[in-house]
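Given next are the chains, with one letter for each unit.
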Protein chains: 2
Amino acid sequence: MSSKRLGRQTVQLENPPSIIGAYSSVGVKEGKGPLNAYFDTIYDDDMLGEKTWEKAESRLVCDTVDGAMQNASIVSDEVQYIFSGDLLNQCVGSAFGIKKFNIPYFGLFGACSTMGESLSLAAMTIDGGFADCCIAATESHFCSAERQFRFPLEYGGVRTPTSQWTVTGSGAVVLSSKHIKGTPRITHITTGRIVDMGIVDANNMGAAMAPSAADTIYQHFEDTGRKTEYYDKIVTGDLGSVGASILIDLLKDKNIDIAKNYNDCGMMIYDDEKQDTKAGGSGCGCSGSVFCGYYYKQLIKKHFNKILFIPTGALMSTTTAQQGDPIMGISHCVAIEI
Amino acid sequence: MSSKRLGRQTVQLENPPSIIGAYSSVGVKEGKGPLNAYFDTIYDDDMLGEKTWEKAESRLVCDTVDGAMQNASIVSDEVQYIFSGDLLNQCVGSAFGIKKFNIPYFGLFGACSTMGESLSLAAMTIDGGFADCCIAATESHFCSAERQFRFPLEYGGVRTPTSQWTVTGSGAVVLSSKHIKGTPRITHITTGRIVDMGIVDANNMGAAMAPSAADTIYQHFEDTGRKTEYYDKIVTGDLGSVGASILIDLLKDKNIDIAKNYNDCGMMIYDDEKQDTKAGGSGCGCSGSVFCGYYYKQLIKKHFNKILFIPTGALMSTTTAQQGDPIMGISHCVAIEI
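The paragraphs below set out a description of the structure included in this document. Computed from a prediction, not measured in an experiment: that's the story for all the values here.

Thresholds, definitions, all that
Residues numbered from 1 in each chain as written. Chains lettered and ligands numbered in written order. Predicted model: local features only at pLDDT ≥ 70, side-chain atom pairs only at ≥ 80, totals over all residues. Heavy atoms only, no water. Helix = DSSP H or I, 4+ residues; strand = E, 2+ residues; numbered from the N terminus. Rg over C-alpha atoms; globule rule 2.2 N^0.38 Å. Buried < 20%, exposed > 50% of the residue type's maximum accessible area, 1.4 Å probe, protein only. Contact = heavy atoms within 4.5 Å. Areas by Shrake-Rupley, 256 points an atom, 1.4 Å probe, with all protein chains shown as cover. Lys, Arg positive; Asp, Glu negative; His and termini not counted. Charge placed at Lys NZ, Arg CZ, Asp CG, Glu CD. Axes fitted to C-alpha atoms, helices over the stretch in contact; angles between N-to-C directions. Parallel < 35°, antiparallel > 145°, perpendicular 65-115°, else oblique. Left-handed = near helix turned anticlockwise from the far one by under 90°. Nonpolar A, V, L, I, M, F, W, Y, C, P; charged D, E, K, R; others polar. Pairing = 2+ DSSP bridges. Disulfide = S-S within 2.5 Å.

Moving on to the overall build of chain A. Assigned secondary structure in chain A consists of 11 helices and 17 strands. Relative to the compact-globule value of 20 Å for 338 residues, chain A shows a C-alpha radius of gyration of 18 Å, a close match. Expressed along its principal axes, the backbone C-alpha trace of chain A runs to roughly 55 × 45 × 35 Å. Evaluated residue by residue, chain A yields a buried proportion of 69% over its 338 residues. Long-range contacts, defined as pairs at least 24 residues apart, comprise 77% of the intrachain contacts of chain A with a sequence gap of at least 6. As displayed, chain A offers around 11,000 Å² of accessible surface, 49% of which is attributable to carbon and sulfur atoms. Taken together, the 29 basic and 38 acidic charged side chains of chain A have centroids lying 4 Å from each other.

Shown next as structure tokens:
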């Protein structure tokens, strides 16, 4: 058994990579939310000067990766791999967005857990000795997601109380093998399994994802032997208010109490009541932008020293939904310390 | 600079993982092609007993992963990670297919280069000390791909001479940190960049992918200092006859002559003239099934001792095609020796 392995699903990094730069970009609505002081770029036009929503989404991740590299004071030639993906069919948001950087590219599909998947694989690639510098990124756009997954925007469909609002936003992180004092490091990775609880309501993604978040978080504490108090914050991706309360209950049933130090990026990014976002934010860009915008800065300032970050994803497509298949969940857990 | 790195895009594995099992499954048409003696399972019904093409595709990868584990004499509890992806929107073919194994899952999107991406990341994960055993897999299905990307099958659209036929097939590989005598090992990985030559003809994927194959293959020889003669076979994924001849010419322009020991899985899987498959096979399952069915067995028998395997992918979606965007290419290169 490899010395880096802890239990069934966790690895402990021997030379924890440093997060030497991070950048967050969001759209108009996100910029009017409670975290508006933390985002690095708030666009005043959700088209970002492009002709289509999909091209706007690509521009979003392109600008965000550029921002992360500037924040880390590096250029693209110094980056050995970029890990990225998104919700669009064939992950075209990321592919078209990052092509100009000319960096060897591993395309990912982890639905809204992508920020966790990209951070995990980028950190393992560095700790494994394959790279000195990697970028992990993701993005989503409200309008391209609505067009693809739901209804034409012009239709103005009524949203159910459990529905969530896809974040127009992106997050990008630069990871380095060099430890630079005062930068947070990725120490442990607990990789998620696919969890299928038979949920079929496409307007209740939180309920579909919560069991997978519970599964990965439970396994993280099992594998590491840590207690929940070890972390200053335990932060899921985009369960929203419905999924978050399910998660707390599911873990309580397993004698794990996260209520005291728990939060969810989907519950933080909007003022659901004032902004009419129902159960909260969702989309790859939700955990991406909130981690890079808010949590990364809190770690740098040592307001938090240890966080457990668990982006959550729903595995489905319009075809599987139309064929009556369940919405499965997957959640990837990344431990970060400064 | 990490000791494992060779040049801009290549890593040399320190403890090359062994391919301790592989399995290939294909549909009816592929089973009537020139490689029919090599595939492990040939289905006599492309529905595989399922109700929809998409569910048939999931069944295909499920059965193939099962076959690979049996071939390697392992059970799913011994596998620490599975890397897989496919062409379907939100990669649902793989996700629904592999969920029953309950293995920590990294979902990938590399279009038809996925077998190269999954082999690369699985090999790096083992060589990096994070796992003792990983599975790399992919699949595609003619009918689900036609429905999603082209026309309803019932429409019976005329195919252009440069078009390719999406393979109904799957390949899965079990990689291990333990070296078992007589099994091939992955020694080098050259990860592709996105190459955009402005090709917009969705019926000529070979031309769209060939420049990216040329880019990665050129870089592999630059980084390793090897000559083409080093390999018994240099094998691309699914360029087909049109893309393959473009690749040979592009590399000739850079003083690299691969013509003598080159082949393409897309040119091998069908008898294009008799089977009316125009320019050859394509799809994630093309290189997946041909590698696992044919090349793996040739390595085991030492008919070939060294191969360079370069699955090729086209990055696009129906949305980007409708918006006039180019079809970009990406190709991942894996060196395998016995």
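Residues and elements named next belong to chain A. Between helix α2 (residues 53–71) and helix α5 (residues 142–149), whose axes approach to 8 Å, the crossing angle comes to 135°. One way to sum up the angle between α2 and α5 is to call them oblique. Considering only the axes of α2 and α5, their crossing is left-handed. The segment α2 lies against α5, with W53, E54 and E57 engaging C143, S144 and R147. Along the lines of polarity and charge, the residues of the contact of α2 with α5 split into 2 nonpolar, 1 polar and 3 charged.

All names here are of chain B. Among the 8 residues of strand β9 (residues 169–176), 8 are classified as buried, and the element is accordingly described as predominantly covered. A two-sided burial pattern is seen for β9, the buried positions comprising G169, G171, V173 and L175 on one face and S170, A172, V174 and S176 on the other. As paired elements, strand β3 (residues 18–26) and β9 share 8 bridges and run antiparallel to each other. Looking across to β9, one finds that S18 is bridged to S176.

Residue and element names in this part refer to chain A. All told, the structure shown has 0 disulfides over all chains when counted by the stated rule. Lacking any disulfide linkage, C62 is separated from the closest cysteine sulfur, that of C292, by 16 Å. Residue classification places C62 among the buried positions, given a relative accessible area of 6%.

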